[in-house]
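Chain residues, written in single-letter form:
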Amino acid sequence: MFVFEKKGWKEGDYVFASKQNGDYKDIVVGIVTGIENSKIGVNGIMINPVGLKNKVSQGKAGPQSEQILKDPTSKEIIFALIYRVEHDNFTGIFDTSTDYVEKLHKNIYGIITGWVRESVPELINNVLSLPDGPDKDQAKRVLKQRMDTLYDKDLKRYMYSICRSLKILN
């Protein structure tokens, strides 16, 4: 009980956590729906960063990528989300005394879930994986169109920032 009082968990808090899936962990982003002792109930989405897992298994990614897959944090999640991901709804329980669970700001929660639900990883992966030429130019146009139609200004700003840093904007 003291763990929660110290951490201040309450229903409605936004969380970032992970669940083991084979050699690596899937990412969970959700909202606390219940609290009992050191356990919190969470509803949200589970993200399987299959694209980054494939890069690591093919030897096309460095040790930082493998570390992100083994121990994901909210600060490094973008490295997993620029490649293809699979996601599904999540309802489960985390024990905060043994599981890594961190609080997220609601804007970060919105950006991460919007990013995944808008299929941004697939759009960025298309641009990154194609050789220079008309197909890559078309993938860039599709990505830019999607970015221009985003309603959430924080997600849009974040997406532009990431695309600039990846040098995929013309």
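Refer to the structure printed above.
Residues numbered from 1 in each chain as written. Predicted model: local features only at pLDDT ≥ 70, side-chain atom pairs only at ≥ 80, totals over all residues. Heavy atoms only, no water.

**Q** I'd like to hear about the packing of helix H5 (residues 106-117) against helix H8 (residues 153-165), residue by residue, with values.
**A** Interhelical geometry of H5 versus H8 gives an angle of 70° and a closest axis separation of 9 Å. The angle between H5 and H8 falls in the class roughly perpendicular. Relative to H8, the crossing made by H5 is right-handed. When H5 is examined against H8, the residues Asn 107, Ile 111, Gly 114 and Trp 115 are found in contact with a partner set consisting of Asp 154, Leu 155, Tyr 158, Met 159 and Ile 162. A class-by-class count of the residues in the contact of H5 with H8 yields six nonpolar, two polar and one charged. (Axes fitted to C-alpha atoms, helices over the stretch in contact; angles between N-to-C directions. Helix = DSSP H or I, 4+ residues; strand = E, 2+ residues; numbered from the N terminus. Parallel < 35°, antiparallel > 145°, perpendicular 65-115°, else oblique. Left-handed = near helix turned anticlockwise from the far one by under 90°. Contact = heavy atoms within 4.5 Å. Nonpolar A, V, L, I, M, F, W, Y, C, P; charged D, E, K, R; others polar.)

**Q** Can you break down the packing of helix H7 (residues 134-149) against H8 residue by residue, with the values?
**A** Two elements in contact, H7 and H8, have axes whose closest approach is 9 Å; the angle formed by their N-to-C orientations is 155°. Taken together, the axis directions place H7 and H8 in an arrangement best described as roughly antiparallel. Crossing geometry of H7 relative to H8 is assigned as left-handed. On H8, the residues that touch Leu 143, Lys 144, Met 147 and Asp 148 of H7 are Lys 156, Met 159, Tyr 160 and Cys 163. A breakdown of the residues in the contact of H7 with H8 according to their chemical character gives five nonpolar, no polar and three charged.

**Q** Please give an account of the sheet that holds strand S1 (residues 14-21) that cites residues and values.
**A** Consider a sheet: its strands pair through backbone hydrogen bonds, and that pairing is either parallel or antiparallel. A sheet is described by the order of its strands in space; here five strands give the open sequence S4-S3-S2-S1-S5, paired in antiparallel fashion. Looking along the sheet, the strands with just one partner apiece sit at the ends: strand S4 (86-95) and strand S5 (101-104). Each adjacent strand pair in this sheet contributes to an overall mean axis angle of 35°, direction not counted. (Pairing = 2+ DSSP bridges.)

**Q** Tell me about the nonpolar core, and name the residues and values.
**A** Nonpolar side chains tend toward joint burial in soluble globular proteins. Counting 37 residues, the largest nonpolar core has Val 29, Ile 47, Leu 81, Trp 115, Ile 124, Leu 143 and Met 159 as the members making the most contacts within it. Setting aside chain neighbours within four positions, we find Ile 47 in contact with Asp 26, Ile 27, Val 29, Leu 81, Val 85, Glu 86, His 87, Ile 112 and Val 116. Ranked by size, the runner-up nonpolar core spans 10 residues in total, among them Trp 9, Val 28, Val 42 and Phe 94. (Core = buried A, V, L, I, M, F, W, Y, C linked by side-chain atoms within 4.5 Å. Buried < 20%, exposed > 50% of the residue type's maximum accessible area, 1.4 Å probe, protein only.)

**Q** Can you tell me about the pattern of salt bridges, naming the residues and giving the values?
**A** Overall, the coordinates contain 11 salt bridges when judged by the stated rule. Across the salt bridge formed by Asp 71 and Lys 25, the nearest N and O atoms sit 3.5 Å from each other. Taken together, the residues Asp 71 in the loop between helix H3 (63-70) and helix H4 (78-81) and Lys 25 in strand S2 (residues 24-36) connect sequence positions 46 residues apart. The exposure class of Asp 71 is partly exposed, given its relative accessible area of 39%. A salt bridge links Lys 39 to Asp 95; its shortest N-O distance comes to 3.9 Å. Taken together, the residues span a long stretch of sequence, with Lys 39 in strand S3 (residues 39-48) and Asp 95 in strand S4 at a distance of 56 residues. On the basis of relative accessible area, Asp 95 is assigned to the buried category, the value being 16%. If you follow the salt bridges from partner to partner, you end up with Lys 10, Asp 13 and Lys 103 in one network. (Salt bridge = Lys/Arg side-chain N within 4 Å of Asp/Glu carboxyl O.)

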